[in-house]
Amino acid sequence: MHRRRRRRGPPTPGPPATRNRRSPPRRPARATRDGRPERRVSTDALQREIARALAALGAPEGTSIVLERPRDPGFGDWTTNVAMTLAKPLGRKPRDIATELVGTLDLVAAGVARAEIAGPGFVNFRLDPGAQAAGITQVVNAPGTFGTGNAGAGRQVNVEFVSANPTGPLHAGHGRQAALGDAIATLLEWTGWRVSREFYYNDGGGQIENLARSVWARLAQQMGIDATIPEGGYNGEYINEIAAAILADRGSELVRSTIEEGARAIAAGQRPHEAGLLDRLRVEAVRALRREQDLDMQAFGVRFDTYFLESSLYRDGQVDRTVAALRKAGHTFEQDGALFLRTTDFGDDKDRVMRKSGLKGGEYTYFVPDVAYHVTKWERGFTRAINVQGADHHSTVTRVRAGLQALEMGIPKGYPDFVLHQMVTVMKGGEEVKISKRSGSYVTVRDLIEWVGRDAVRYFFLMRKGDSQLVFDVDLARQQNEENPVYYIQMAHARMCGIFRVGEVDREQLRATGADVLALVEPEEQLLVKAILDFPALVAGAAEALEPHRIANWLLETARLAHTWYHKHHVLGEPEPVMRARLVLARAAQVALRNGLAILGISAPERM
RNA sequence: GCGCGAGUAGCUCAGCUGGAUAGAGCGUCGGCCUCCGGAGCCGAAGGUCGUGGGUUCGAAUCCCGCCUCGCGCACCA
């Protein structure tokens, strides 16, 4: 799919803004692996009581008690495997330990209705249905913060993504990266990190040179002069458009004569000596393409806090400083006229060239500014940095990290984090849309947005984990029915809103107490309640793993439960306590769906 | 050849960092329904989790070998 992409972005920094900051709910001392803020009250009590009972049983100090949701709801609301993990240390059978544990437990103090032993030694706990539902009152009472956490504790993190070369429009692969990077950034914001979204722009190097020469050739052709796109150049129609724009603007005789000379030089495989004109074309072309890419990202609803230019690294001496530091640290050597970095000292399988030999032009290779760039991230105070890239660039991972280690400036070994995603295939009209590198034709982000809309593009790029190759089914994405997962989820949200609209109840003003939801006893209601209450832990887990697809899956499942509930039970017109309880549930479901969609950058319409 | 990723139901994919009888959607088969807002709902069939070992109370999940597919392996970015 995407070939020579990646490598980063346009200008105008802005204040290192943070968005979507939410007040940080605290997390339990160490309840479950991921903490379940909304259930904290009940699990903390349960946790404490189990710890007390285990101590009485003679369990070793510091035995970790893991409370989990059983996969099968038939097993109860919470389960623990301590009896099995203690089997070895205590030298007893898991079920015997479990039996004694249950006998010692004070169920009332633990806040559970029932405890039972099952399978090889699980202890399952069932909460009172009313107590279970009580959790959702917190959702309606504090809808804005539902799902937020504070694992980040206000620390700074830099998320770099898209970072396309300014050599062409953004294609489907960039779209996946934009959706992924933006969602990861939002996930981190929701869990208490101060996030800066960054786009690194490779506005130097050989690719840009090829771009300038390609524009030159098209310009010449448009003026009726014989010229060909150079080897490694760009053939896309957009080059013609850029050339046409330049021509319309400055097609003077002077320009014409210089172009003629330049075209002859290029044809002879030489660099045109009218470097001034080539430089101008480069500037024009880069500016035009950056503007296009900006418009694409804007249409996609992605905003960056910082656009970082590779050229600035040269201009302000960061590249030279980095090279000097690497030499000083003693990990460089010269060979065959080139300067090498001994990256093999840091896990690379081969030493890498930093500065090309004179024969090859004597310039720095891309990886030097890359290292210099990451040094600036560190120096700008980002103790954590995440790079979202296509898997076709995974070879840079070791290289950049090795370069940072070689500097011996205290940057951690795994810095930065990398999130790599696999390729994208676009299906349309039942067949794969082939890309042609030669002709420069491929599916752009803008094409996709025009075909199916921003929301669907986002969802389809986020519904699979990054490790999997992704098939983007345009025909499915544009459907306006339940087969389309985006439509299905948004419809669930709209339905919840519809209840309030028809009932003429202001859902924003709705507040609840535990007593209000005691009537939520139907199985469909219990399932929906559970799914909603799982949301905060889900967000925490997805943020930690940097896996937004978990949110997408949860949304689909929760939407399903909401539809099921909606079809089976009525809200309006029911007796007062039931209607009241169901309104609370409808509101909680609406809030949970809305917040989940917000993390993925997808709108939550009130009606469809 | 080396590195990374993937291999789970007919198809597309989940599987929450080692748990109980491996799940969902679509498709197939059988039945029900027409209700705040739109054909939705219930059930069934369908699996040697690529494969062979190992680790342990317990493996789709962790380790090793092999097979298949994708991506990468530049003095390109």
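Everything discussed here concerns the structure shown above.
Residues numbered from 1 in each chain as written. Chains lettered and ligands numbered in written order. Predicted model: local features only at pLDDT ≥ 70, side-chain atom pairs only at ≥ 80, totals over all residues. Heavy atoms only, no water.

Asks: Would you mind going over unusual backbone geometry with me for this structure?
Replies: Most peptide bonds take the trans configuration, and most residues that are not glycine carry a negative phi. Omega for the bond connecting Tyr-415 with Pro-416 falls within 30 degrees of zero, at -10 degrees, which places this linkage in the cis form. Positive phi values are uncommon outside glycine, yet Val-162 reaches one of about 65 degrees. On the secondary structure map, Val-162 appears in the loop between strand E5 (156-160) and helix H7 (172-190). Exposure remark for Val-162: the relative accessible area of 0% places this residue in the buried category. (Helix = DSSP H or I, 4+ residues; strand = E, 2+ residues; numbered from the N terminus. Buried < 20%, exposed > 50% of the residue type's maximum accessible area, 1.4 Å probe, protein only.)

Asks: Which parts of the structure should I look at to understand helix H16 (residues 445-452)?
Replies: Given 3.6 residues per helical turn, the α-helix brings residues three or four places apart onto the same face. By the burial criterion, the buried members of H16 are Val-445, Leu-448, Ile-449 and Val-452. Down the axis of H16, the buried set is contained in an arc of 100 degrees. They therefore lie on one face. (Arc of directions from axis to C-beta.)

Asks: Would you mind going over the sheet that holds strand E2 (residues 78-80) with me for this structure?
Replies: Taken in spatial order, the 4 strands of this open sheet run E1-E2-E4-E3, and their pairing is antiparallel. The open sheet terminates on both sides in strands that have one partner only, identified here as strand E1 (67-68) and strand E3 (114-118). Bridge count for E1 against E2 is 2 bridges, and the pairing is antiparallel. Counterpart to Leu-67 in the pairing with E2 is Thr-80. Where helix H4 (residues 94-104) meets the sheet, its contacts fall on E3 and strand E4 (122-126), and the angle it forms with E3 comes to roughly 170 degrees. (Pairing = 2+ DSSP bridges. Contact = heavy atoms within 4.5 Å. Axes fitted to C-alpha atoms, helices over the stretch in contact; angles between N-to-C directions.)

Asks: What am I meant to see in the environment of Val-591 here?
Replies: With respect to the helices and strands, the residue Val-591 is situated in helix H22 (residues 576-600). Of the residues examined, Val-591 reaches a relative accessible area of 0% and is grouped as buried. Residues contacting Val-591, with those up to four places away along its chain left out, are Val-139, Pro-143 and Phe-146.

Asks: Any chance you could explain the packing of aromatic side chains here in plain terms?
Replies: What describes a pair of aromatic rings is the distance from one ring centre to the other and the angle between the planes of the rings. The full count for this structure, using the stated rule, is 15 aromatic pairs. Note on Phe-333 and Phe-340: the rings are 5.1 Å apart at their centroids and 15 degrees apart in plane angle, and the pair reads as stacked. Phe-340 carries the same exposure label as Phe-333, and that label is buried. A connected cluster of aromatic rings, assembled from ring pairs, spans Phe-161, Phe-199, Tyr-201, Phe-304 and Tyr-307. The positively charged end of Lys-428 is found above the aromatic ring belonging to Trp-451, 4.2 Å away from the centroid. The ring of Phe-300 has Arg-458 lying over it, and the distance from NZ or CZ to the ring centre is 5.0 Å. (Phe/Tyr/Trp six-rings, centres within 6.5 Å; stacked < 30°, edge-to-face > 60°. Lys NZ or Arg CZ within 6 Å of the ring centre and 35° of its normal.)

Asks: Please clarify how the pattern of salt bridges should be interpreted in this entry.
Replies: Under the defined criterion, the tally for this structure stands at 30 salt bridges. When the shortest N-O distance is used, the salt bridge between Arg-92 and Glu-100 registers 3.0 Å. Exposure remark for Arg-92: the relative accessible area of 33% places this residue in the partly exposed category. Between Glu-508 and Arg-587 there is a salt bridge, and its shortest N-O distance comes to 3.2 Å. Taken as a pair, Glu-508 in the loop between helix H19 (485-503) and helix H20 (523-545) and Arg-587 in helix H22 lie far apart in primary sequence, 79 residues in all. Among the ionic contacts, a cluster of salt bridges with common partners joins Asp-182, Glu-189, Arg-197 and Arg-458. (Salt bridge = Lys/Arg side-chain N within 4 Å of Asp/Glu carboxyl O.)

Asks: Explanation requested: the packing of H7 against H22 in the structure shown.
Replies: Each pair of packed helices gets described by two things: the angle between the helix axes and the distance between those axes. At a minimum axis distance of 7 Å, the contact between H7 and H22 shows a crossing angle of 130 degrees. Regarding the angle of H7 to H22, the classification is oblique. Contacts from Ala-183, Thr-186, Leu-187 and Trp-190 in H7 reach Asn-595, Ala-598, Ile-599 and Leu-600 in H22. Looking at the contact of H7 with H22 residue by residue, the class counts come to 6 nonpolar, 2 polar and no charged. (Parallel < 35°, antiparallel > 145°, perpendicular 65-115°, else oblique. Nonpolar A, V, L, I, M, F, W, Y, C, P; charged D, E, K, R; others polar.)

Asks: What exactly am I supposed to notice about the protein's contact with RNA strand B here?
Replies: Close to RNA strand B lie 57 residues; Asn-202, Lys-356, Tyr-366, Arg-501 and Tyr-566 are nearest. Among the atoms of RNA strand B lying within 4 Å of the protein, the sugar-phosphate backbone contributes 59%. Between RNA strand B and Gln-207 there is a distance of 3.1 Å, counted from a sugar or linking oxygen to a side-chain nitrogen or oxygen. Taking Gln-469, its side chain carries an N or O atom lying 3.2 Å from a sugar or linking oxygen of RNA strand B. Counting residues per element, the ones that place at least two in the surface near RNA strand B are helix H2 (82-85), E4, helix H15 (395-406), H19 and helix H21 (549-568). (Near = heavy atom within 4 Å. Polar contact = N/O pair within 3.5 Å; in protein donor to acceptor, adjacent residues only side chain to side chain.)

Asks: Explanation requested: the pairing of strand E7 (residues 306-309) in the structure shown.
Replies: A regular strand places its side chains on the two faces of the sheet in alternate fashion. Burial along E7 is two-sided: Thr-306 and Phe-308 facing one way and Tyr-307 and Leu-309 facing the other are all buried. Sheet analysis places strand E6 (residues 194-201) next to E7, joined by 4 bridges and oriented parallel. What sits directly across from Phe-199, in E7, is Tyr-307.

Asks: What is the right way to look at the sheet that holds E5 in this model?
Replies: In any sheet, the strands associate via hydrogen bonds between backbone groups, in a parallel or an antiparallel arrangement. Reading across from one edge, E7-E6-E5-E11-E12 is the order of the 5 strands in this open sheet, with parallel pairing throughout. Each edge of the sheet is formed by a strand with only one pairing partner; in this case those strands are E7 and strand E12 (417-421). For this sheet, the mean inter-axis angle between neighbouring strands, taken without regard to orientation, is 25 degrees. Relative to strand E11 (residues 384-390), E5 is paired through 4 bridges, and the arrangement is parallel. Within E11, the position partnered with Val-159 by the bridge is Ile-386. Seen against the sheet, H7 touches E5, E6, E11 and E12 and runs at an angle of roughly 155 degrees to E11. Along the sheet face, helix H14 (residues 367-379) touches E5, E6, E7 and E11 and points at about 160 degrees away from the line of E6.

Asks: Help me out: how do you make sense of H4 in this one?
Replies: Buried within H4 we find Ile-97, Ala-98 and Leu-101. For H4, the buried positions fall inside an angular range of 100 degrees around the axis, keeping them on one side.

Asks: I tried to follow the pairing of E3 on my own but got confused; where do I start?
Replies: Judged from the 5 bridges that link them, E3 and E4 form a sheet pairing that is antiparallel. Within E4, the position partnered with Ala-115 by the bridge is Phe-125. Adjacent in sequence and paired antiparallel, E3 and E4 are bridged by 3 residues, among which Gly-119 carries a positive phi angle near 55 degrees.

Asks: Would you take a moment to explain the nonpolar core for this structure?
Replies: Core analysis: the largest hydrophobic core is formed by 97 residues, its most contacted members being Ile-136, Phe-461, Phe-472, Ile-532 and Leu-600. Sorting elements by how many residues they give to this core places H22 first, with 13 residues. Aside from chain neighbours lying at most four places away, what touches Phe-461 is Ala-172, Gly-175, Arg-176, Ala-179, Phe-300, Val-424, Leu-448, Leu-470 and Phe-472. Core analysis: the second largest hydrophobic core is formed by 28 residues, Val-215, Trp-216, Tyr-234 and Ala-243 among them. (Core = buried A, V, L, I, M, F, W, Y, C linked by side-chain atoms within 4.5 Å.)

Asks: Can you help me understand the packing of H19 against H22 in this one?
Replies: At their nearest, the axes of H19 and H22 sit 9 Å apart, and the two run at 145 degrees to each other. As for the relative orientation of H19 and H22, their crossing is left-handed in sense. Taken together, the residues of H22 that come into contact with H19 (itself represented by Ile-489, Ala-492, His-493, Met-496, Cys-497, Ile-499 and Phe-500) are Leu-583, Ala-586, Arg-587, Ala-589, Gln-590, Leu-593, Arg-594 and Leu-597. (Left-handed = near helix turned anticlockwise from the far one by under 90°.)

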